[in-house]
Amino acid sequence: VGPFSNKYVKREESVRVNELLIFATQTHMDHLKSCPSVLNYTDKDGNINILPLLRRIVEHKIPLWIFSGDQDSVVPLLGSRTLVRELAHDMGLPVTVPYSTWFRKGQVGGWTTEYGNLLTFATVRGASHMVPFAQPDRALGLFRSFVLGQRLPNTTYPPIGD
């Protein structure tokens, strides 16, 4: 269950800003009603350059995953993918996992590219802007891999149903 669904969230939650996947722990929010009530966007927020922040995160060797639903009409995946690719290029990070599929429960979960073992871009198949709401199981698989420090599964092995 994602942080912006109308569910009770206890201890750890993910905060997604413009498809940026940065997980914050121990935020202790009792209840999140909707994304706009937590993140107060204005028309000017679209002009904020987050690249310096992303660069600092990666420079400090903190793994950073940026994801996008492949049906997101708010922040299209092509923009997010281009941002990540340009950031990796500017930082001299090589492609460590070329653009390829990742799997969840025997189905394609989306596509992913990894740069320098630190920066990952992933799409979530069938998801719109609010990925955890649109595809909760695939979002959980993405989150699980991130938290465990594992790459997204690139095969259906172990067997379907795991």
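Residues numbered from 1 in each chain as written. Predicted model: local features only at pLDDT ≥ 70, side-chain atom pairs only at ≥ 80, totals over all residues. Heavy atoms only, no water.

Per an unreviewed UniProt entry, the chain goes by the name Carboxypeptidase and belongs to Aegilops tauschii subsp. strangulata.

### Quick word on the overall build of the chain
Rules: Put simply, DSSP marks the helices as runs of H or I at least four residues long and the strands as runs of E at least two long, and each gets a number from the N terminus on. Exposure was quantified through the Shrake-Rupley algorithm and a 1.4 Å probe, taking into account, for residues, occlusion by the shown protein chains and nothing else.
Looking only at helices and strands, the chain has 5 helices and 6 strands in total. Helices and strands in the chain line up, N terminus first, as β-β-α-α-β-α-β-β-β-α-α. Total accessible area computed for the chain in this model is approximately 9,600 Å², and 56% of it derives from carbon and sulfur atoms.

### Structural notes on the pattern of salt bridges
Basically, it comes down to this: When a carboxyl oxygen of Asp or Glu lies within 4 Å of a side-chain nitrogen of Lys or Arg, that pair is called a salt bridge. Think of it in three bands: residues with accessible area under 20% of the maximum for their type are buried, residues over 50% are exposed, and the middle band is partly exposed, with areas taken using a 1.4 Å probe on protein chains only.
Here the structure, examined in full by the defined rule, presents 4 salt bridges. In this structure, Asp137 and Lys105 form a salt bridge, with 3.3 Å as the shortest nitrogen-oxygen distance. Within this pair, whereas Asp137 is found in helix 5 (residues 136-148), its partner Lys105 is found in the loop between strand 4 (95-104) and strand 5 (107-115), the two being separated by 32 residues in sequence. Looking at Lys105, the relative accessible area reads 44%, which means it is partly exposed. Sharing partners across several salt bridges, the network here consists of Arg104, Lys105 and Asp137.

### Considering the nonpolar core
Using the following cut-off: Among the buried residues, those of types Ala, Val, Leu, Ile, Met, Phe, Trp, Tyr and Cys that are joined through side-chain atoms within 4.5 Å form a nonpolar core. Contact between two residues is taken to exist if any of their heavy atoms lie within 4.5 Å; hydrogens are not considered.
Ranked by size, the top nonpolar core spans 13 residues in total, and within it Val58, Leu64, Ile66, Val84, Leu93, Tyr115 and Leu119 carry the most contacts. Mapped onto this core, the elements with two or more residues apiece are helix 2 (51-59), strand 3 (64-69), helix 3 (77-91) and strand 6 (119-124). With near-sequence residues (within four places) excluded, Leu119 lies in contact with Val58, Leu64, Ile66, Val84, Leu87, Ala88, Leu93, Thr113 and Glu114. By size, the runner-up hydrophobic cluster in this structure holds 11 residues, among which are Phe67, Ala122, Val131 and Leu152.

### Some details on helix 5
Basically, it comes down to this: Each residue after the first adds 1.5 Å to the expected span of a helix. Summarising the geometry, the arc corresponds to the directions from the helix axis toward the C-beta atoms.
In a regular helix each residue adds 1.5 Å, so 13 residues correspond to 18 Å; helix 5 covers 18 Å between its end C-alpha atoms and thus fits that length. Every buried residue of helix 5 is accounted for by Arg138, Ala139, Gly141, Leu142, Ser145 and Phe146. Considered in projection along helix 5, the buried side chains sweep an arc of 160° and stay on one side of the axis. Just past helix 5, the residue Gly149 takes up positive phi, approximately 70°.

### Observations regarding the side chain of Thr113
Among the secondary structure elements, Thr113 is positioned in strand 5. On the basis of relative accessible area, Thr113 is assigned to the buried category, the value being 6%. In contact with Thr113, other than residues within four places in its own chain, are Val95, Val97, Pro98, Tyr99, Leu119, Thr120 and Phe121.

### What about the packing of aromatic side chains?
Let me state the cut-off plainly: Pairing of aromatic rings covers Phe, Tyr and Trp, the last through its six-membered ring, and needs centres within 6.5 Å; plane angles under 30 degrees mean stacked, over 60 mean edge-to-face, and all others mean tilted. Note on criteria: charge over ring means Lys NZ or Arg CZ within 6 Å of the ring centre, with the direction from the centre no more than 35 degrees off the ring normal.
Tallied over the full model, the rule gives 1 aromatic pair. Here the aromatic rings of Trp65 and Phe146 are separated by 5.4 Å at their centres, their planes lie at 75°, and the arrangement is edge-to-face. Of this pair, Trp65 sits in strand 3 while Phe146 sits in helix 5, and the two are 81 residues apart along the sequence. We classify Trp65 as buried; its relative accessible area is 7%. The side chain of Arg81 reaches across the aromatic face of Tyr99, ending 3.7 Å from its centre.

### Considerations on unusual backbone geometry
Generally, phi is negative for residues other than glycine and the peptide bonds are trans, each holding for most cases. Of note in the backbone geometry, Lys105 takes a positive phi value of approximately 50° without being a glycine. With phi around 60°, Asn117 is a residue other than glycine that occupies positive phi space. Tracing the backbone shows Asn117 in the loop between strand 5 and strand 6. You can call Asn117 partly exposed: its relative accessible area is 49%.

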